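Coordinates in review
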Amino acid sequence: MSVIANNITVTDEEFDNKVVILKKHLRSRMNGKTSEQMQNGMIDYTLNYGVSLEHVKELADILKYSADDCRKIWRLNIREAMLIAAMTMPSAEATCDEMLEWASIIRTPDMAEQASFFLFWRTTDISKFISCLVAAETSYSLSIASFTAGRALQKNIAIDEDSVTAVIDRCRNSAKLRPHEGRGISLMLRQAVRKQIVAPQIEDLVSGFKNSDDDIRRQIAFEVEAEKEM
């Protein structure tokens, strides 16, 4: 059996058997209603079983995948398989260049957020990863960069302040922010406030956002101001 996803063909009999077992587990835990809601919401996956995140975490503990397995299942474009790959990819194997390639495959706001939370903050050269994404100007690069930076700060991972500033600058210069971008930027800024870094840049950004015509920008300003008052 060959698996074709994103123009990449995977032809490995042992791996194919692992995919069969994975799909069997997913079908046993699938939620048809959730899957339908996601599909109706234009969540673009080849397959989406609607399995809850809790059950996906259970499967990640049960199914033992190597780094090479993770690389292959990430490319299947099955929501739950991608989540398991993100959860189980060894940190030592999560190099900047490879994680940038993984990020380029993401086609949904759901995966942009989840992969950042489970995997991308563990990238070996995280500051370079964030800076490269900021410069990429692809559909989910700002979302991934901000969620990754926010999660890294949350996990007390050291990142260059210039990387945070680069995300802020791109955020300021974006014509209109999308909801998932707003969530990621808010997380990053609130964590930066807690760590007391790039305070002048945050102050300037929030000041401009307070009276913005963009609801998302105003929401970011409100959440960051609330964080500062805590």
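Here is a short report on the structure shown in this document. (Residues numbered from 1 in each chain as written. Predicted model: local features only at pLDDT ≥ 70, side-chain atom pairs only at ≥ 80, totals over all residues. Heavy atoms only, no water.)

1. Observations regarding the packing of helix H8 (residues 126-136) against helix H10 (residues 161-173)
At a closest axis distance of 9 Å, the pairing of H8 and H10 adopts a crossing angle of 20°. Taken together, the axes of H8 and H10 are roughly parallel relative to one another. The two elements H8 and H10 cross, and the hand of that crossing is left-handed. The segment H8 lies against H10, with Ser-127, Ile-130, Ser-131, Leu-133 and Val-134 engaging Ser-163, Ala-166, Val-167 and Arg-170. (Axes fitted to C-alpha atoms, helices over the stretch in contact; angles between N-to-C directions. Helix = DSSP H or I, 4+ residues; strand = E, 2+ residues; numbered from the N terminus. Parallel < 35°, antiparallel > 145°, perpendicular 65-115°, else oblique. Left-handed = near helix turned anticlockwise from the far one by under 90°. Contact = heavy atoms within 4.5 Å.)

2. Description of the side chain of Thr-123
Within the secondary structure, Thr-123 sits in the loop between helix H7 (109-118) and H8. Residue Thr-123 is classed as buried on the basis of its relative accessible area of 5%. Here the side chain of Thr-123 touches Phe-120 through a polar contact of 2.7 Å, landing on its backbone oxygen. Setting aside anything within four residues of it in sequence, one finds Thr-123 in contact with Ala-94, Thr-95, Cys-96, Met-99 and Phe-129. (Buried < 20%, exposed > 50% of the residue type's maximum accessible area, 1.4 Å probe, protein only. Polar contact = N/O pair within 3.5 Å; in protein donor to acceptor, adjacent residues only side chain to side chain.)

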